[in-house]
Amino acid sequence: MVLPDTDPDIERARWLPPAFYADPEAHALAREKVFARAWHLVFPGPGEPGSLVPVTLLPGLLDESLLWATDKRGRSRLLSNACTHRGAILCDSPRRAVAGLACPYHGRVFGLDGRCREHGGMGREPEPTWNLPELDAPRALRALGPLHFARLPVEHPSATWPEPAFLGELQRRVGFLLAEPHRDDPEGARVYEVEANWALYVENYLEGFHLRWVHPGLSRQVEAESYAYELFPGGSLQVASGQDGAGDVALPAGHPDAGRRVAAWYFHLFPATFLNVYRWGVSVNVVEPLGPTRCRVRYRRLVRDATALGEGPGAQLHEVELEDDRIVASVAQGYRSRLATRGRYSLVHERAVHHFHRMYIEALGSA
Ligand code: FES
Ligand SMILES: [Fe+2]
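This structure is a prediction, so every number in the text was calculated from the model and none was measured. The residue numbering used here restarts from 1 in each chain and proceeds along that chain's sequence as written. The naming scheme follows written order: chains are lettered A onward, ligands numbered 1 onward. Restriction of local features to residues with pLDDT of at least 70 applies here, the model being predicted, together with a cutoff of 80 or more for giving and counting side-chain atom pairs; totals for whole chains, interfaces and linings are based on all residues. Hydrogen atoms and water are omitted, and side-chain values are computed over all heavy atoms in the structure.

1. Focus on the pairing of strand S3 (residues 64-70)
Walk down a regular strand and you will see the side chains alternate between the two sheet faces.
Part 1 of the argument: Counting buried positions along S3 yields six of seven residues, so the element is predominantly enclosed.
Part 2 of the argument: Across seven bridges, the pairing between strand S2 (residues 51-57) and S3 is antiparallel. Note that in S3 the partner of threonine 56 across the bridge is serine 65.
Part 3 of the argument: Counted between consecutive antiparallel strands, the loop separating S2 from S3 contains six residues, among which leucine 58 sits at a positive phi close to 45°.
Part 4 of the argument: Paired strands are those between which DSSP finds at least two bridges. The way it works is that DSSP assigns letters per residue, a run of H or I at least four long becomes a helix, a run of E at least two long becomes a strand, and they are numbered from the N terminus. In the sheet, S3 pairs with strand S4 (residues 76-80) via five bridges, with the strands oriented antiparallel. Burial classification: accessible surface area is computed with a 1.4 Å probe over protein chains only, and a residue below 20% of its type maximum counts as buried, one above 50% as exposed, and the rest as partly exposed.

Structure below.
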């Protein structure tokens, strides 16, 4: 397919063509060239010593079945959850694991280190390929506080994401908060489905331009003039101050944001992971493409300071999400119109969108 042009100069560039967002070929290409190669947040993280926790990366797109296996000494591994004999899922819900992991189909047994320990009935000796593939650190697994990131083995490792560049940026800005204990709060888990291409959702998230029109409630809590955008390899960051200091985070000495008031850091990690860091903790939302014109948004909440829940710009996530979903679906509908045109970027507010488009088209065109 012919990929849309993206001029590096934002003054000359245009948004992607409307028809691109509903193109099945672009969707299939994004699955292989973007999502199958990207770093992903693995949520939940590993469980207690002696436990198994299954996790699926991007259900409906990648459907990659993984398994956190933590031995009784507390050593965690991220393994494939597909049996090496015929692919049966080894573990379908979190549970204790004391004596390894037995496949429910023909009984192949694995240790929590992923090694195949026994398989009667095969009439041959176990081979090394019978061990479960592992996504191991640092090549394919990284951790930062309560957050774990992984990527699948890639055919062209140098082409995209040689390093998770966003980890350095996360560490620099919010590492001091992530170093503290966080609690996974099931109350904050929500799922939304949006009738729109995943990239339309991402674009909307990347600009605060729409705040006063789409989110009248939120815009009363965020100081519009304080809104700042920063771009970095592999993502971008928006920093917001609360109105009258509501929800402001106490910054340690020497912090890059020292001297300004910060109530929220909104990180975009290319392609479709968002980390919203507030005084109370972290709200994570991951966009899961389900087809060219449908996506699912999955929210999770990691609470650091429960007493700060309910204050500042991170307080009304549900209302804000519904407002966003409505406007994103409206754009998808408008873009189905044959009269829809390629817009121009706001030079003030849409630099992060332009940056996203550059990464997206470059990844689609990579070898
Ligand atoms: S599929 Fe697991 S032992 Fe056959
Ligand atoms: Fe919004």
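2. Re the sheet that holds strand S8 (residues 116-118)
Part 1 of the argument: One open sheet accounts for three strands, arranged S6-S7-S8; its pairing is antiparallel. One side of each edge strand has no neighbouring strand; the edge strands of this open sheet are strand S6 (101-102) and S8.
Part 2 of the argument: As paired elements, strand S7 (residues 109-110) and S8 share two bridges and run antiparallel to each other. The residue of S8 that forms the bridge with valine 109 is glutamate 118.

3. Some words on the nonpolar core
Part 1 of the argument: In this structure, Phe149, Leu170, Trp198, Trp265, Phe267, Leu275 and Tyr360 are the most contacted members of the largest nonpolar core, which totals 93 residues.
Part 2 of the argument: Here the element with the most residues in this core is helix H7 (residues 351-364); it accounts for eight residues.
Part 3 of the argument: For the purposes of this description, domain bounds are those given by an automatic or database domain assignment. Both domains that furnish three or more residues to this core are identified here as domain 1 (40-137) and domain 2 (166-364).
Part 4 of the argument: With sequence-adjacent residues up to four places away left out, phenylalanine 267 is seen in contact with Glu169, Leu170, Arg173, Val174, Tyr205, Phe232, Ser236, Leu237, Thr273, Phe274, Leu275 and Val277. The term nonpolar core refers to a set of buried residues drawn from Ala, Val, Leu, Ile, Met, Phe, Trp, Tyr and Cys, joined through side-chain atoms within 4.5 Å. Here, residues are in contact when the closest pair of their heavy atoms is within 4.5 Å.

4. What to know about the coordination of the iron ion (ligand 2)
Part 1 of the argument: Only nitrogen, oxygen and sulfur atoms within 2.8 Å of the metal, or 3.2 Å for Na, K and Ca, are treated as donors, and water is left out, so sites may look incomplete. Those protein atoms acting as donors to the iron ion (ligand 2) are His210 (NE2), His215 (NE2), Asp324 (OD) and Asp324 (OD), and they sit at 2.0 to 2.7 Å.
Part 2 of the argument: The geometry test gives tetrahedral to four donors whose angles all lie between 85 and 135 degrees, gives square planar to four donors and octahedral to six donors whose opposite members are over 155 degrees apart with all other angles between 65 and 115, and gives irregular to the rest. Around the iron ion (ligand 2) sit four donor atoms, and with donor-metal-donor angles ranging over 54 to 153° the site reads as irregular.
Part 3 of the argument: Each donor residue of the iron ion (ligand 2) lies on the same chain, and together they follow the pattern H-x4-H-x108-D. Here histidine 210 is found in the loop between helix H3 (198-205) and helix H4 (211-214), whereas its partner aspartate 324 is found in helix H6 (residues 317-335), with 114 residues between them in sequence.

5. Side note on the environment of leucine 132
Part 1 of the argument: By the element assignment, leucine 132 lies in the loop between S8 and strand S9 (134-135).
Part 2 of the argument: Accessibility expressed as a relative area gives 5% for leucine 132, which makes it buried.
Part 3 of the argument: Separated by 205 residues in the primary sequence, leucine 132 and serine 337 have C-alpha atoms spaced 48 Å apart.
Part 4 of the argument: Apart from residues lying up to four places away in sequence, leucine 132 is in contact with Leu79, Ser80, Ala82, Thr84, Leu90, Leu101, Phe110 and Gly114.

6. Comments concerning H3
Part 1 of the argument: Judged by how many residues are buried, H3 sits mostly within the fold: eight of eight residues are covered.
Part 2 of the argument: Buried within H3 we find Trp198, Ala199, Leu200, Tyr201, Val202, Glu203, Asn204 and Tyr205.
Part 3 of the argument: You can read the cap of H3 off the contacts: a side-chain oxygen lies 2.8 Å from the backbone nitrogen of alanine 199, and it is on asparagine 197. Each polar contact in these results corresponds to two N or O atoms within 3.5 Å; when the atoms are within protein, one needs to be able to donate a hydrogen and the other to accept it, and residues that are neighboring in sequence are counted only if both atoms are side-chain atoms.

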